[in-house]
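Chain by chain, the residues:
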Amino acid sequence: MNSTTVTLTRDGEVAVLVIDNPPVNALSEHMRVALKDCLDRADSDDTIRAVVLAGEGRTLCAGADIRQFGAPPKGPLSPDIFMQIAAMKKPVVAAIHGPTLGGGFEMTLACHARVASPDAEMGLPELKLGLIPGAGGTYRLPRLIGAVPALDLIASSQRLSAAEALELGVIDAVAEDVRAKAVDLARELADREQARSGAGLGAWADFDAAAKKRLRRARGAQAPRVLVKAIGNAFDMEDTEAQRAEQAMFQELRTGPQSAAMRHLFFAERAAGRLADGLAGTARPLRRAAVIGAGTMGGGIAMCFADAGLPVTLIDASADGLEAGLARIRKNYEISVSRGRIDAAELEQRMALITPATALSAASGADIAIEAVFEDMALKRKLFAELDQLLPHHTVLATNTSSLDIDEMAAATKRPSQVVGLHFFSPANVMKLLEIVRGAETDGDTLATALMLSKCLGKQPAIVGNCPGFVGNRILRQRHHQAELLLEQGASPQDVDRAVTDFGMAMGPFQMNDLAGLDVSALVRKSQGYQLPVADALCAMGRLGQKTGKGYYRYEDGRTPIPDPAVDAVIANVAERLGVRQRSFSQDEIRERLFYPMVNEGARILEEGIAGRSSDIDVIYVHGYGFPAWRGGLMYWADAEGLGRIVAALKGFADETGESRLEPAPLLRRLAEAGESFADLQSNGKTEG
Ligand code: 3H9
């Protein structure tokens, strides 16, 4: 068979198999057929003494073809091909370059040795797809580096750099000319006929303890539990048996709802990073940035730039504020050093990328300026007008506002088409989501620049329209509002929070409020002109959350919430004052009351064009708000609940509370009546996508 997907060339007695299956050399069916054919030929040719596996393009192989996971696999299977590699008498050496992940990395683990280029990355990110490694990763990696390091690597979906992989004993060498080095090593092994053996699994007790610790954090996700079982098998099964067990578990996960949801997210994340139809633009170069405002957000944003190796000027009119901001940044980096994430030299390198200044004119060399000052429109407009005067024509002006009108700020400049919202989430250097807010006049080049920036900073972008709260916070406000109403109607803060954490989120709304500070949300309410009686009463009592030791809960150690009868009394008072009749709520009822109105708001957002795709809302909720990824995101989950059911429930809520906002949105009603889903809407092209 002659294939261009995998070609066999000769370097003397070494067969070099080169995979060329763009865009990422995924293990699609035709690629597996071609790979097996080349391996068979190399194996049966007596003039070949060793084999090298290499790849064209940006990676050796990024793993299984995720697009083919919806159907049962056909043709030769990856685990069988890799077994064949492992069993070959002739040494097989992998030449690894680029992000070599999942099945691609497992292919290299089946080889007798591995060489990587300095830019290579390796990892098993299957858990991010609701899967476990299914082609030998759960027993070959533990045997090579130990069960605990293997568990850590797989459970975190972390990618190892070539240097880290070398240190861990995953690879044998790092070389610039990785293919040539692999050929040399293959020859050497053919002469020696002996490959390096692995470190071994290590002690069962250590693995067991590490696994228990991991599982405490897994919440509702299935794959981490299955992973622990699969790695555990490596202790008492031979390869063939372990492979069979791994394959059965892998296939069960592949056909289950959690993996389907996470695969949806994989493609949703990529779609969210593209400009919507009808919009075109070219990203402008970004060599230097300026961040104005050295508070928590501004400092965090400056860290994002420094982490990405981009120079940034951090400006604060107050010298004291600037000093405090820099000290906070250094402290954060020191924590990273103490946790072994970076070393002391890297800390200094990152600090050196941040140039502090008190004069706004220091922003003049920037290609992008991001303001992160107080949420005060007059202040922001003044700043934008000044920046517009100071900065070169090409510079993009961005605001980190989480609630104010982008267009009002843009109107203070002569370049409204180059004004954009960049809504980072707190802590900015940690949270992955970046809402890119498109003003009425923001042009394609500016959006393309914002998307490129987001990629450089390692963020997950989503382009959203301009409205109070944009997409994420506007939807969240519905949940907060319902949570407060539930209190008035008789649910306790702990009932409400439990419904949310049992759903799979890290924190309930009241724990979150206590952490953020009740005064913070009170300010937002004031600016947006609405009231929440229980929250307002707690604020009036000075119960501002964790920082005052009391909020919706009381805190003895500063962070563990303890239910407080004083809060129950406040709630009862408010209910009496408002004449609300109290009753009990089941956990299911609470969950529906909190999440269905969010879906309803999501539908309104889609109808208004504030989000282009329902999958963008999924991405926003998973990466900005901790919505469980294994549920696929808010709107994907809504489809699974059934839109008819949601509409019926919302009508009931509206009747009970008299709240018109709870009436089903027209789009939601229409879809439910037609028996359609948000996914149908997106694939029919009625919204972008
Ligand atoms: C697995 O391997 C299971 C095994 O254990 C068992 C097997 C039996 N399949 O991200 P990009 C597409 S599970 C299909 O924009 P980058 C992607 O959709 C798999 N398509 O580029 C996009 O298409 P489009 C474990 C894939 O440079 C284009 O390639 N592996 C796959 O920013 C470019 O992608 C993973 O989870 C795939 N595996 O990042 C790795 N990968 O242009 C998943 C990519 O039409 N991939 N595409 O939108 C990645 O993490 C990144 O794509 C990668 C490149 C780092 C490789």
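Residues numbered from 1 in each chain as written. Predicted model: local features only at pLDDT ≥ 70, side-chain atom pairs only at ≥ 80, totals over all residues. Heavy atoms only, no water.

Asks: Looking at this structure, I do not really get the nonpolar core. What am I missing?
Replies: One finds I617, Y621, L634 and F678 to be the most contacted residues of the largest nonpolar core, which totals 93 residues. Counting residues per element, this core draws most heavily on helix α24 (residues 587-607), at nine residues. Residue contacts for I617: discarding those within four places in its chain leaves V471, I475, G602, I605, L606, A611, L634 and M635. Counting residues in each nonpolar core, the second largest holds 70 residues, with L60, I96, F105 and A245 among its members. (Core = buried A, V, L, I, M, F, W, Y, C linked by side-chain atoms within 4.5 Å. Buried < 20%, exposed > 50% of the residue type's maximum accessible area, 1.4 Å probe, protein only. Helix = DSSP H or I, 4+ residues; strand = E, 2+ residues; numbered from the N terminus. Contact = heavy atoms within 4.5 Å.)

Asks: So what exactly am I meant to see when it comes to the pairing of strand β4 (residues 92-96) here?
Replies: The side chains of a regular strand alternate between both faces of the sheet. Counted residue by residue, β4 has five buried out of five residues, so it is predominantly covered. Judged from the three bridges that link them, strand β3 (residues 50-55) and β4 form a sheet pairing that is parallel. The partner of V51 across the bridge, within β4, is V92. In terms of handedness, the path from β3 via helix α2 (residues 78-87) over to β4 forms a crossover that is right-handed. Both β4 and strand β6 (residues 113-116) contribute to a ladder of four bridges, which runs parallel. Each bridged residue has a counterpart across the sheet, and for V93 the counterpart in β6 is A113. (Pairing = 2+ DSSP bridges. Right-handed = clockwise from strand over helix to strand, strands pointing away.)

Asks: Looking at this structure, I do not really get helix α10 (residues 239-254). What am I missing?
Replies: With 16 residues, α10 ought to run about 22 Å at 1.5 Å a step, and its terminal C-alpha atoms sit 22 Å apart, in line with that. Inspection of α10 places A242, Q243, A245, E246, Q247, M249, F250, L253 and R254 among the buried residues, and these make up the whole buried set. Structurally, α10 contributes buried residues whose contacts are with α2, α4 (137-145), α9 (223-236) and α11 (257-272). (Expected span 1.5 Å × (residues − 1).)

Asks: I tried to follow the site of the ligand on my own but got confused; where do I start?
Replies: The environment of the ligand is formed by 27 residues, the closest being R58, G103, E106, E126 and R270. At 3.1 Å, a side-chain N or O of K455 approaches an oxygen atom of the ligand. Here the ligand has 1000 Å² of accessible area as a free molecule, and 81% of this is covered by the chains. Looking at the shell around the ligand, the elements that each hand over two or more residues are β5 (99-101), α3 (103-110) and α11. Here the shell around the ligand gets three residues from one element, more than from any other, and that element is α11. For the shell around the ligand, the per-class residue count stands at 14 nonpolar, four polar and nine charged. (Near = heavy atom within 4 Å. Polar contact = N/O pair within 3.5 Å; in protein donor to acceptor, adjacent residues only side chain to side chain. Areas by Shrake-Rupley, 256 points an atom, 1.4 Å probe, with all protein chains shown as cover. Nonpolar A, V, L, I, M, F, W, Y, C, P; charged D, E, K, R; others polar.)

Asks: Just to check I follow, could you spell out unusual backbone geometry for this structure?
Replies: Cis peptide bonds are those with omega within 30 degrees of zero, and the linkage from P22 to P23 qualifies with 0°. Here the amide bond leading from S426 into P427 is cis, since omega sits at -10°, within 30 degrees of zero. Relative to the assigned elements, P427 resides in the loop between β15 (419-424) and β16 (433-438). A positive phi angle, near 45°, is found at R219, a position not held by glycine. Take R219: it is sitting in the loop between α8 (204-216) and α9. You can call R219 partly exposed: its relative accessible area is 42%.

Asks: What am I meant to see in the pairing of β6 here?
Replies: Both faces of β6 are covered, namely the face carrying A113 and V115 and the face carrying R114 and A116. Bridging between β6 and strand β9 (residues 173-174) involves two bridges; their strand directions are parallel. Each residue of the ladder has a partner; that of A116, found in β9, is V174.

Asks: It is not clear to me how the sheet that holds β4 should be interpreted in this structure. Could you clarify?
Replies: Whenever strands of a sheet pair, they do so through backbone hydrogen bonds, lying parallel or antiparallel. Taken in spatial order, the six strands of this open sheet run β1-β2-β3-β4-β6-β9, and their pairing is mixed. Each edge of the open sheet carries a strand with a single partner, namely β1 (6-11) and β9. The pairing of strand β2 (residues 14-19) with β3 spans six bridges and is classified as parallel. Among the inter-strand pairings, A15 is bridged to a residue of β3, identified as V51.

Asks: Whenever I open this one, the packing of aromatic side chains confuses me. Can you help?
Replies: To describe a pair of aromatic rings, you give the distance between the ring centres and the angle between the ring planes. Tallied over the full model, the rule gives 15 aromatic pairs. A centroid spacing of 5.2 Å and a plane angle of 90° characterise the contact between F503 and W637, whose relative ring orientation is edge-to-face. Placement of the pair is F503 in helix α19 (residues 493-503) and W637 in helix α26 (residues 634-641), with a sequence separation of 134 residues. Of the two residues examined, F503 and W637, each falls in the buried class. Look at F595 and F627: their rings are 6.2 Å apart centre to centre, the planes differ by 80°, and that puts the pair in the edge-to-face class. Taken as a pair, F595 in helix α24 and F627 in the loop between α25 (614-625) and α26 lie far apart in primary sequence, 32 residues in all. Judged on exposure class, the residue F595 and its partner F627 are both buried. These aromatic residues form a ring-pair network of at least three members: F503, F595, Y596, F627 and W637. The ring centre of Y530 lies 3.9 Å from the NZ or CZ of R477, which sits over that ring. The positively charged end of R583 is found above the aromatic ring belonging to F585, 4.0 Å away from the centroid. (Phe/Tyr/Trp six-rings, centres within 6.5 Å; stacked < 30°, edge-to-face > 60°. Lys NZ or Arg CZ within 6 Å of the ring centre and 35° of its normal.)

Asks: Help me out: how do you make sense of the pattern of salt bridges in this one?
Replies: Side-chain pairing between opposite charges can occur once the charged atoms of the two side chains come close. Inspection of the entire model under this criterion finds 38 salt bridges. Put simply, E188 and R192 hold a salt bridge, and the shortest N to O gap is 3.3 Å. Linking E188 with R192, this pair stays in helix α7 (residues 178-192), spanning four residues, or about one helical turn. When its relative accessible area of 47% is taken as the criterion, R192 is described as partly exposed. In this structure, R270 engages E269 in a salt bridge whose closest nitrogen and oxygen atoms are separated by 3.7 Å. We classify R270 as partly exposed; its relative accessible area is 43%. (Salt bridge = Lys/Arg side-chain N within 4 Å of Asp/Glu carboxyl O.)

Asks: Sorry, what's going on with the sheet that holds β5 here?
Replies: Across the sheet, which stays open at both edges, the three strands sit in the order β5-β7-β8 with mixed pairing between neighbours. Both edges of this open sheet fall to β5 and β8 (160-161), since each of them pairs with a single strand only. Pairing analysis gives three bridges linking β5 to strand β7 (residues 121-123), with the strands arranged parallel. Bridged to P99 within β7 is E121. Along the sheet, α3 makes contact with β5 and β7, crossing β5 at roughly 80°. (Axes fitted to C-alpha atoms, helices over the stretch in contact; angles between N-to-C directions.)

Limitation: the analysis is restricted to geometry and does not speak to function.
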